[in-house]
Amino acid sequence: MEIYDILFWVLSAVAVSCALGVILSRNPVNSVMFLILTFFAISGHYILMNVQFLAIVNVIVYAGAIMVLFLFVIMLMNLNADVEPQKGQLVQLAGVISGGILFLVILAGIKSAKPEIMDKASTDIGLISNLGKVLFTKYVLPFEISSVLFLSAMIGAIVIGKKEETKDPDAKAERVN
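Cut-offs used in this document
- All chains use their own residue numbering, which begins from 1 and follows the written sequence.
- Thresholds applied to this predicted model are a pLDDT of at least 70 for local features of residues and 80 or more for the giving and counting of side-chain atom pairs; totals over whole chains, interfaces and linings are not thresholded and use all residues.
- Side-chain metrics rest on all non-hydrogen atoms present in the structure, leaving aside hydrogens and water.
- Only DSSP runs of H or I covering at least 4 residues are called helices, and only runs of E covering at least 2 are called strands; the numbering of each starts at the N terminus.
- Any helix carries an expected span of 1.5 Å times its number of residues minus one.
- Buried means the residue's accessible area, taken with a 1.4 Å probe over protein chains only, is under 20% of the maximum for its type, while exposed means over 50%, and partly exposed covers the values in between.
- Throughout, a residue-residue contact means that at least one pair of heavy atoms, one from each residue, lies within 4.5 Å.
- Polar contact is defined as a pair of N or O atoms within 3.5 Å, subject to the rule that within protein one atom must be able to donate a hydrogen and the other to accept it, and that residues adjacent in sequence are counted only when both atoms are side-chain atoms.
- In this analysis, rings of Phe, Tyr and Trp, with Trp reduced to its six-membered ring, are considered paired at centre separations within 6.5 Å, and the interplanar angle assigns stacked below 30 degrees, edge-to-face beyond 60, and tilted for intermediate values.
- Two distance rules govern patches: like charges are joined within 9 Å, and nonpolar side chains (Val, Leu, Ile, Met, Phe, Trp, Tyr) within 5 Å, applied only to residues with over 30% relative accessible area and no salt bridge.
- Surface exposure here means Shrake-Rupley accessible area, sampled with a 1.4 Å probe, where a residue is shielded only by the protein chains that are shown.
- One side-chain nitrogen of Lys or Arg within 4 Å of one carboxyl oxygen of Asp or Glu is enough to make a salt bridge.
- Summary of the metric used: pLDDT quantifies the predictor's per-residue confidence within the range 0 to 100.
- Buried residues of nine kinds, namely Ala, Val, Leu, Ile, Met, Phe, Trp, Tyr and Cys, make up a nonpolar core once their side-chain atoms join them within 4.5 Å.

**So, helix α2 (residues 28–48)**
A rise of 1.5 Å per residue sets the reference length of α2, with its 21 residues, at 30 Å; its end C-alpha atoms lie 30 Å apart and thus fit the reference within 8%. Along α2, the positions that sit buried rather than exposed are Ser31, Val32, Ile36, Thr38, Phe39, Ala41, Ser43, Gly44 and His45. Taken together, the buried residues of α2 touch α1 (3–24) and α3 (52–77). A distance of 3.2 Å separates the backbone nitrogen of Val29 from a side-chain oxygen at the start of α2, and that oxygen is part of Asn27. Positive phi appears at Asn50, one or two residues downstream of α2, with a value of about 65 degrees.

What follows is the structure, given as structure tokens:
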């Protein structure tokens, strides 16, 4: 066995066990921590596939920013199992049926997939320079459209989050004091 094979199996075991920890943990904060470890294991898989850019983006965006946001939301929600309403049997049945359908779709996808063997020496497709060349030549218009969309979303979030100023001079004096 090569070192790549050993690392693949170790990272796969970590990813699967941490994903099970996300599902089976009763504490939401522990679930988020397990999800962060799962993202790090997936980033290790990206590095094994020589896609360093995706590995770094996965760590920065998902394991960093999104998980911090999840932690803030969980801490602000004050989740108590005592006050959580119990799900009805119809909702539970719908969850089991949709999970079974998802399982069948995944099995059909695995059955119809044709694995492609790649040479480890020629896998420089995920390098940042190659990604940049393709992104700024072939996909420059969608890239620019998405950047304008993100800019408008940021401006919208600022406008929505900004508090309206009151026209009452007494309220302004109270804020200063």
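**Remarks on the packing of aromatic side chains**
Within this structure, the stated rule accounts for three aromatic pairs. For the pair Phe8 and Trp9, a centre-to-centre distance of 5.3 Å together with 75 degrees between the ring planes defines the contact as edge-to-face. Here Trp9 falls in the exposed class, since its relative accessible area comes to 55%.

**Quick word on a nonpolar patch on the surface**
Together, Met1, Ile3, Tyr4, Ile6, Leu7, Phe8, Trp9, Val10 and Val14 give the surface a local cluster of nonpolar side chains, amounting to about 930 Å² of exposed area. As for its position among the elements, Ile6 is in helix α1.

**Section: the confidence of the model for the protein**
Looking at the protein as a whole, the pLDDT averages 82, with 80% of positions reaching at least 70. Highest mean pLDDT in the protein belongs to α1 (94); lowest belongs to helix α7 (residues 169–176) (58).

**Describing the nonpolar core**
By size, the foremost hydrophobic cluster in this structure holds seven residues: Val32, Ile36, Phe39, Ala63, Met67, Leu71 and Ile74. Of all the elements in the fold, those that place two or more residues in this core are α2 and α3. At four residues, α3 tops the list of elements feeding residues into this core. Among all residues touching Ala63, those that are not within four sequence positions of it are Ile36, Phe39, Phe40 and Asn58.

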